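Fold and geometry: a report
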Amino acid sequence: MFAAFGERSLWVILFSVVVFGYALKPLGLVMATGLLVFISAWGGHEFRWKEVTIMAAVLAAFSVASFVYGLGLPMNVWPSIWE
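Attention now goes to helix α2 (residues 49-70). Its 22 residues give α2 an end-to-end C-alpha distance of 30 Å, which sits within 8% of 32 Å, the value for a rise of 1.5 Å per residue. Looking at the buried side of α2, the elements it contacts are α1 (7-42). Following α2 by one or two positions, G72 has its phi on the positive side, about 75°.

Moving on, we get to the side chain of S16. Position of S16 among the secondary structure elements: in helix α1. Taking relative accessible area as the criterion, S16 reaches 0% and is therefore assigned buried. If we skip the residues at most four places from it in the chain, S16 touches L36, I39 and S40.

What follows concerns a nonpolar patch on the surface. On the surface, W11, L14, V18 and Y22 cluster together into a nonpolar patch covering about 490 Å² of accessible area. Looking at where L14 falls in the secondary structure, it is placed in helix α1. For L14, a relative accessible area of 45% gives the class partly exposed.

Ranked by size, the top nonpolar core spans six residues in total: L29, V30, A60, V64, V68 and V77. Among the elements of the structure, α1 and α2 are those that each provide at least two residues to this core. By residue number, the principal contributor to this core is α2, which donates three residues.

Moving on: the pattern of salt bridges. Evaluation of the coordinates by the stated rule reveals two salt bridges. A salt bridge links R48 to E46; its shortest N-O distance comes to 3.3 Å. Its relative accessible area of 43% is what places R48 among the partly exposed residues. The exposed category is assigned to E46, whose relative accessible area is 59%. Between R48 and E51 there is a salt bridge whose closest N-O contact spans 3.7 Å.

The rules behind the values
- Residues numbered from 1 in each chain as written.
- Predicted model: local features only at pLDDT ≥ 70, side-chain atom pairs only at ≥ 80, totals over all residues.
- Heavy atoms only, no water.
- Helix = DSSP H or I, 4+ residues; strand = E, 2+ residues; numbered from the N terminus.
- Expected span 1.5 Å × (residues − 1).
- Contact = heavy atoms within 4.5 Å.
- Buried < 20%, exposed > 50% of the residue type's maximum accessible area, 1.4 Å probe, protein only.
- Patch = residues over 30% accessible without salt bridge, like charges linked within 9 Å, V, L, I, M, F, W, Y side chains within 5 Å.
- Areas by Shrake-Rupley, 256 points an atom, 1.4 Å probe, with all protein chains shown as cover.
- Salt bridge = Lys/Arg side-chain N within 4 Å of Asp/Glu carboxyl O.
- Core = buried A, V, L, I, M, F, W, Y, C linked by side-chain atoms within 4.5 Å.

Listed below in structure tokens is the structure:
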């Protein structure tokens, strides 16, 4: 059932979602999304810094646009020390 990814990948991705949940409030949406993408990509077979950085930036921008501006959810975009 998990032959394509392996058990290690499953645990790393689960860990990244838990880290995202704990990091969202203190770090803000942009940095927590970056952490989520980088930790999740680390669980895969091929990790390329350039691709993961581009994906993190695109996903963070899409998340801010859709959740903060599109839906109007009141959440920190950046860490609270910067606001």
